[in-house]
Amino acid sequence: YKISVAPEMDIMEYCRKEWRGDTPVAKRMRKGYEAVAQKFAAIRRVRGDNYCALRATLFQALSQATQLPSWLQSEDFTMLPENLMSKYDWIKQWQLKQKLGRKMGEISDEIKEYLILLRKKWKNISEIKGPIEKQEACDKLFKNEEEEYSLYEALKFLMLNTAIELYNDDRNGRRVPVFSWLLFARDTSSNPCQLMHNHLNHIGHSGGLEQVEMFLLAYALQYTIQVYRLYKYSTDEFITLYPNDPEEDWPVVTLITEDDRHYNIPVRMCQETML
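Because the structure is predicted, anything quoted here is derived from the model rather than measured. The residue numbering used here restarts from 1 in each chain and proceeds along that chain's sequence as written. It should be noted that, the model being predicted, local features are given only for residues of pLDDT at least 70 and side-chain atom pairs only at 80 or more, the latter also being counted only at that level, while totals for whole chains, interfaces and linings use all residues. Excluded from the side-chain calculations are hydrogens and water; all other atoms, namely the structure's heavy atoms, are used.

Outline the overall build of the protein, listing residues and values.
Looking only at helices and strands, one finds 12 helices and 6 strands in the protein. Its C-alpha atoms give the protein a radius of gyration of 19 Å, near enough to 19 Å, the size a compact globule of 275 residues would have. Along the first, second and third principal axes, the C-alpha atoms of the protein reach 55 × 40 × 35 Å. Under the scheme applied here, a residue whose accessible area is under 20% of the maximum for its type counts as buried, over 50% as exposed, and between as partly exposed, the area being computed with a 1.4 Å probe on protein chains only. Counting over 275 residues, the protein shows a buried share of 49%. Two residues form a contact once any of their heavy atoms are found within 4.5 Å. Here the contacts in the protein between residues at least 6 apart in sequence split such that 74% fall between residues at least 24 apart. Reported accessibility uses the Shrake-Rupley method at a 1.4 Å probe radius. Residues are deemed covered only where the shown protein chains occlude them. Of the roughly 13,900 Å² that the protein leaves accessible, carbon and sulfur atoms contribute 49%. Counted as positive: Lys and Arg. Counted as negative: Asp and Glu, with His and the chain ends omitted from the count. Note that the charge is assigned to NZ on lysines, CZ on arginines, CG on aspartates and CD on glutamates. In the protein, which carries 37 positive and 40 negative side-chain charges, the distance between the mean positions of the two groups comes to 3 Å. Comment: elements are numbered from the N terminus, with helices defined as DSSP H or I runs of at least four residues and strands as E runs of at least two. Note on method: radius of gyration uses C-alpha positions; expected globular size equals 2.2 Å times residues raised to 0.38.

In structure tokens:
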């Protein structure tokens, strides 16, 4: 199997290994890692395919989950594919993991299975009390390629659902977050159908998540995603929050990136930070 989330490594040791030289970039990265090391003791490398933003976010969310989020508990959660496809014919062109040419019913059933799997895994892991056992359960899940990729399909579909809700809210004169305007201001995603064709269908295959899609992921999961963007060290974008005005009650997950393309995860909060 391919390992999706590598074992933890001391964060400064990792930094010294990766950034040896005396270039301005290397110096900035080292400073960035030093700042992260004030809060976290270790780092876990995340496998660098085009799913890495989804992988890092989901791994962090599950490894600290203590309950099932309310949106996962709702009755009609697993009916989502069916309900959306009955309203929007174009969702039939949703591309599932490298398998093309499926029939309409199959896509709907398959996504439903992924959503059920997401709920089941989240529930099981959140019920594990001991931190070591919880971590082991996460590690095991992220070594099972079939299940892991099914969960990313579920997340992508939830992102589509969120985009449709935001788009409709905006058209009906309701208040929407600023990122929603930016999302639909792109030439390639002026509506949810284009967003699906030109962006969501490509995530994991030929592209990762763009910045504005990090906001969409945060809204879909109702999590605040806090990212240390190391190449922005010493600017006010060094620590970026998606969304930047998070809801009070959303849990927070923390990621690290050197370039806004690949994400790793910091682990083991330093004791004094926790107090």
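Account for a nonpolar patch on the surface, with residues named and values stated.
Residues form patches when they are more than 30% accessible in relative terms and have no salt bridge. Like charges link within 9 Å. Nonpolar side chains (Val, Leu, Ile, Met, Phe, Trp, Tyr) link within 5 Å. We count a salt bridge whenever a side-chain nitrogen from Lys or Arg sits within 4 Å of a carboxyl oxygen from Asp or Glu. Together, Val178, Trp181 and Leu182 give the surface a local cluster of nonpolar side chains, amounting to about 330 Å² of exposed area. Mapped onto the secondary structure, Val178 falls in helix H9 (residues 178–185).

Account for the sheet that holds strand S3 (residues 224–229), naming residues and giving values.
By definition, the strands of a sheet pair up through backbone hydrogen bonds, in either a parallel or an antiparallel sense. Between any two strands, at least two bridges found by DSSP are needed for them to pair. What the 6 strands build is an open sheet, ordered S1-S2-S6-S5-S3-S4; its pairing is mixed. Looking at strand neighbours, the two that pair on one side only are strand S1 (9–10) and strand S4 (239–242), the edges of this open sheet. As paired strands, S1 and strand S2 (residues 40–44) are joined by 2 bridges and run antiparallel to one another. In the sheet register, Met9 faces S2, and the bridge partner there is Ile43. Axis lines are fitted through C-alpha atoms, for helices just across the contact stretch, and the angle between N-to-C directions can take any value from 0 to 180 degrees. Along the sheet, helix H3 (residues 52–63) contacts S2, S3, strand S5 (252–257) and strand S6 (263–269); its crossing angle with S6, the most-contacted strand, is approximately 20°.

Any chance you could break down the environment of Ser234 for me, citing the residues and the numbers?
Tracing the backbone through its elements, the reader meets Ser234 in the loop between S3 and S4. In the structure, Ser234 is positioned 203 residues away from Lys31 in sequence and 8.8 Å away in space, judged by C-alpha atoms.

Read these as spatial facts, not as claims about activity.
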